[in-house]
Amino acid sequence: TALPLPAVAAADAALALATPQRRAQLWARVCAFEAAIGSAPRQACGWRSPIVPIEVGSEAAALEAAARLQRSGFFVPAIRPPTVPEGTSRLRVVVTAGHEEEEVAELARALSESGVLRLRDAHARGEGEY
């Protein structure tokens, strides 16, 4: 069976939007975000996806962080068991080419000010209550 015509039209429209300039803008935003949260040097840009997971440990920590960010105006969902193993709950940041540089910087600031990045670093070192 063939795909429904609306699905084909949507795929065609998406391909038309995926210009080299848009792709370059997307990766520039991903690299800027990664550098802003201290994941890697700006030149190294290690993510291979515009979906950036920030592991925080416990389910409660992830839910609390997601709620704090939501109150600050950012939709960053918590991903928790059974989707990920116990003790590895995380926030799922999705960077798009449509995000402005200022928005990426504001999210990085919100992550820092809310303590999410400290929690991430402590979890990575195996420290703290998570």
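It should be emphasised that the depicted structure is a prediction, and the values quoted were computed from it without experimental measurement.

1. Here we look at the overall build of the protein chain
So, point 1. For the protein chain, the helix and strand inventory stands at 5 helices and 3 strands.
So, point 2. When its helices and strands are written in sequence order, the protein chain yields α-α-β-α-β-β-α-α.
So, point 3. If you line up the protein chain on its principal axes, its C-alpha atoms span 50 × 35 × 30 Å.
So, point 4. When each of the 130 residues of the protein chain is scored for burial, the buried share is 32%.
So, point 5. A separation threshold of at least 6 residues defines the contact pool for the protein chain, and within that pool the share at least 24 residues apart is 62%.
So, point 6. If you sum the accessible surface of the protein chain, you get close to 8,100 Å²; carbon and sulfur atoms cover 57% of it.
So, point 7. Put simply, the protein chain has 14 plus and 15 minus side-chain charges, and the middle of one group is 3 Å from the middle of the other.

2. Here's the deal with the sheet that holds strand β2 (residues 78–79)
So, point 1. Pairing within the open sheet is antiparallel, and its 3 strands lie in the order β1-β3-β2. The open sheet has two edge strands with one neighbour each: β1 (51–57) and β2.
So, point 2. Pairing between β1 and strand β3 (residues 89–94): 6 bridges, direction antiparallel. The partner of Gly-57 across the bridge, within β3, is Ser-89.
So, point 3. Sitting on the sheet, helix α5 (residues 116–125) is in contact with β1 and β3, with an inclination near 70 degrees to β1.

Reading guide: rules and limits
- Residues numbered from 1 in each chain as written.
- Predicted model: local features only at pLDDT ≥ 70, side-chain atom pairs only at ≥ 80, totals over all residues.
- Heavy atoms only, no water.
- Helix = DSSP H or I, 4+ residues; strand = E, 2+ residues; numbered from the N terminus.
- Buried < 20%, exposed > 50% of the residue type's maximum accessible area, 1.4 Å probe, protein only.
- Contact = heavy atoms within 4.5 Å.
- Areas by Shrake-Rupley, 256 points an atom, 1.4 Å probe, with all protein chains shown as cover.
- Lys, Arg positive; Asp, Glu negative; His and termini not counted.
- Charge placed at Lys NZ, Arg CZ, Asp CG, Glu CD.
- Pairing = 2+ DSSP bridges.
- Axes fitted to C-alpha atoms, helices over the stretch in contact; angles between N-to-C directions.

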